[in-house]
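These are the residues of each chain, in order.
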Amino acid sequence: MRSDEPLKIAYSPCPNDTFVFDAWAHGRVPGAPALDVTFADIDVTNGIAERGPDAPAEAAGLAGLDVLKVSYAVLPWVLEDYALLPCGGALGRGCGPLVLTREPGVDLTGKTVAVPSERSTAYLLFRLWAADVLPDAVGEVVVMPFHEIMPAVRAGRVDAGLVIHEARFTYRDHGLHCLADMGEHWESTTGLPIPLGAIIARRSLGAETLRGLAEAARTSVRMAWDDPEASRPYVRAHAQELDPAVADQHIGLYVNEFTADLGEDGYAAVRGLLTRAAAEGLVPAIAPGALDFP
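Residues numbered from 1 in each chain as written. Predicted model: local features only at pLDDT ≥ 70, side-chain atom pairs only at ≥ 80, totals over all residues. Heavy atoms only, no water.

Draft legend 1. Region of interest: the overall build of the chain. When its secondary structure is counted, the chain shows 12 helices and 11 strands. Expected size for 294 residues packed as a compact globule is a radius of gyration near 19 Å; at 19 Å, the chain falls within 12% of this value. Overall, the chain is about 55 × 40 × 35 Å in size when its C-alpha atoms are taken along their principal axes. Evaluated residue by residue, the chain yields a buried proportion of 52% over its 294 residues. (Helix = DSSP H or I, 4+ residues; strand = E, 2+ residues; numbered from the N terminus. Rg over C-alpha atoms; globule rule 2.2 N^0.38 Å. Buried < 20%, exposed > 50% of the residue type's maximum accessible area, 1.4 Å probe, protein only.)

Now the structure itself:
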């Protein structure tokens, strides 16, 4: 990659991502490389990362990506080719996925549960919760796009649904009940923040470039905090008709001190999630030092 080439990056159109990357995407971060941005659902970027940086892409805009927003759950499959950036992602407290049902107090033993992905952090948190609280396993797990999950639960096509993002704020409008909060369970059993979305970059860019990218992401976050109004047009343009008040709640929940710097607690949360998931046979074990930033 030449120094004058834009950096190819893919992240979601969700308000937290557009808020975080607004300043950088619009050339307001001093000294940062220009960005060539592609918007993609996190399931798409997870798949790209798993296939590796040199694999052919299904869409032209997703070819040759340098930086991607992915689920922390996918890291065990991709850390050989990609480095975890210590900033720009989503961790937090009180922001975990929810299990929703049509009626309160449903016993999920043997029941059908819709999930947004089996490679998502939400899915890992759900499986860890189920291992702790259900005497027997849930029944069938059905993968469907997250925007279809609440309608499927409401219509009775599935017994429960695992939801993420702004569904935390809107599920009551769909007449649904929160059976369990995966983040609440995680925090109560570990004392750690909830790891959700990670920013990764190709290791082949080299350590010096990776450090520069981390600094650019960190600066972009801080610029958004310093002047929230500057990011509003970008956020609203890509918020998929989300109510502005809900978009603000979304940003407030998912953009926090861990977005600027994972820190000791953030890294402990990521290691804890992946270690527990590996013990349950949900992901491969990661090598010592695999999460270390160059």
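Draft legend 2. Region of interest: the packing of helix 4 (residues 121-133) against helix 7 (residues 182-190). Running from amino to carboxyl end, helix 4 crosses helix 7 at an angle of 65°, the nearest separation of the two axes being 9 Å. In terms of orientation, helix 4 lies roughly perpendicular with respect to helix 7. Seen from above, helix 4 lies across helix 7 with left-handed handedness. Residues Leu125, Phe126, Leu128, Trp129, Asp132 and Val133 of helix 4 lie in contact with helix 7, whose contacting residues are Met182, His185 and Trp186. (Axes fitted to C-alpha atoms, helices over the stretch in contact; angles between N-to-C directions. Parallel < 35°, antiparallel > 145°, perpendicular 65-115°, else oblique. Left-handed = near helix turned anticlockwise from the far one by under 90°. Contact = heavy atoms within 4.5 Å.)

Draft legend 3. The pattern of salt bridges, seen in detail. Summed over all chains, the structure comprises eight salt bridges. For arginine 232, the salt bridge identified is with aspartate 248, shortest N-O distance 3.1 Å. With arginine 232 in helix 9 (residues 228-237) and aspartate 248 in helix 10 (residues 244-254), this residue pair connects regions lying 16 residues apart in the sequence. Aspartate 248 gets classed as partly exposed once you look at its relative accessible area, which sits at 36%. Through salt bridges with shared partners, a single ionic network connects Glu229, Arg232 and Asp248. (Salt bridge = Lys/Arg side-chain N within 4 Å of Asp/Glu carboxyl O.)

Draft legend 4. Fine view of the packing of aromatic side chains. Evaluation of the coordinates by the stated rule reveals five aromatic pairs. Site record: aromatic cluster; members linked through ring pairs are Tyr11, Phe21, Trp24, Phe39 and Tyr234. One residue, arginine 119, lies across the ring of tryptophan 77, its end atom 3.7 Å from the ring centre. (Phe/Tyr/Trp six-rings, centres within 6.5 Å; stacked < 30°, edge-to-face > 60°. Lys NZ or Arg CZ within 6 Å of the ring centre and 35° of its normal.)

Draft legend 5. Main features of the pairing of strand 1 (residues 7-11). Burial analysis of strand 1 places four of its five residues in the buried class, the great majority of the element. Inspection of the sheet shows strand 1 paired to strand 3 (residues 67-71) by two bridges, in the parallel sense. Residue pairing in the sheet places alanine 10 in a bridge with leucine 68 of strand 3. (Pairing = 2+ DSSP bridges.)

Draft legend 6. Local environment of the confidence of the model for the chain. Averaged over all residues, the pLDDT of the chain equals 92, while 97% of them reach at least 70. The element-level mean pLDDT for the chain is lowest in helix 6 (residues 167-170), coming to 80, with strand 4 (residues 82-84) highest at 98. (pLDDT = per-residue confidence, 0-100.)

Draft legend 7. Region of the structure containing the sheet that holds strand 10 (residues 177-181). Pairing in this open sheet of five strands is mixed, and the strands run 8-7-9-6-10 from one edge to the other. Of all strands in the sheet, those bounded by a partner on one side alone are strand 8 (141-143) and strand 10. Strand-to-strand twist in this sheet, taken as the mean axis angle between neighbours without regard to direction, amounts to 30°. Of the strand pairs in this sheet, strand 7 (residues 113-115) and strand 9 (residues 160-163) are connected by two bridges, and their pairing is parallel. Residue valine 113 lies in a different strand from strand 9, and its bridge partner there is alanine 160.

Draft legend 8. Highlighting the packing of helix 1 (residues 15-25) against helix 10. Two elements in contact, helix 1 and helix 10, have axes separated by 8 Å at closest approach and are oriented at 70°. For the element pair helix 1 / helix 10, the angle class is roughly perpendicular. In this structure, helix 1 uses Pro15, Asn16 and Phe19 to contact helix 10, whose residues at the interface are Ala247, His250, Ile251 and Tyr254. Within the contact of helix 1 with helix 10, the residues separate by chemical class into five nonpolar, two polar and no charged. (Nonpolar A, V, L, I, M, F, W, Y, C, P; charged D, E, K, R; others polar.)

Draft legend 9. Structural detail: the state of the cysteines. In this structure the tally under the stated criterion is zero disulfides. Its sulfur unpaired, cysteine 95 is 13 Å from the next cysteine sulfur, which belongs to cysteine 14. Its relative accessible area of 1% is what places cysteine 95 among the buried residues. (Disulfide = S-S within 2.5 Å.)

Draft legend 10. Representation of the side chain of serine 12 within the structure. For serine 12, the position within the fold is in the loop between strand 1 and helix 1. Reaching out from serine 12, the side chain makes a polar contact with the backbone nitrogen of cysteine 14 at a distance of 3.1 Å. In this structure the side chain of serine 12 is engaged in a polar contact, spanning 2.7 Å, whose partner is the side chain of aspartate 17. (Polar contact = N/O pair within 3.5 Å; in protein donor to acceptor, adjacent residues only side chain to side chain.)

Draft legend 11. Quick peek at the environment of aspartate 66. The topology assignment puts aspartate 66 in the loop between helix 2 (42-51) and strand 3. Since its relative accessible area comes to 4%, aspartate 66 is described here as buried. In this structure, the C-alpha to C-alpha distance between aspartate 66 and leucine 205, residues 139 residues apart in sequence, is 8.0 Å.

Draft legend 12. Highlighting the nonpolar core. Counting 58 residues, the largest nonpolar core has Tyr72, Leu75 and Phe126 as the members making the most contacts within it. At eight residues, helix 4 tops the list of elements feeding residues into this core. If we ignore the near neighbours within four places in the chain, the residues touching tyrosine 72 are Leu84, Ala90, Leu91, Thr121, Pro195, Leu196, Gly197, Ala198, Leu262, Val270, Leu273 and Leu274. Listed in part, the 32 residues of the second largest apolar core include Tyr11, Leu213, Ala217 and Leu242. (Core = buried A, V, L, I, M, F, W, Y, C linked by side-chain atoms within 4.5 Å.)

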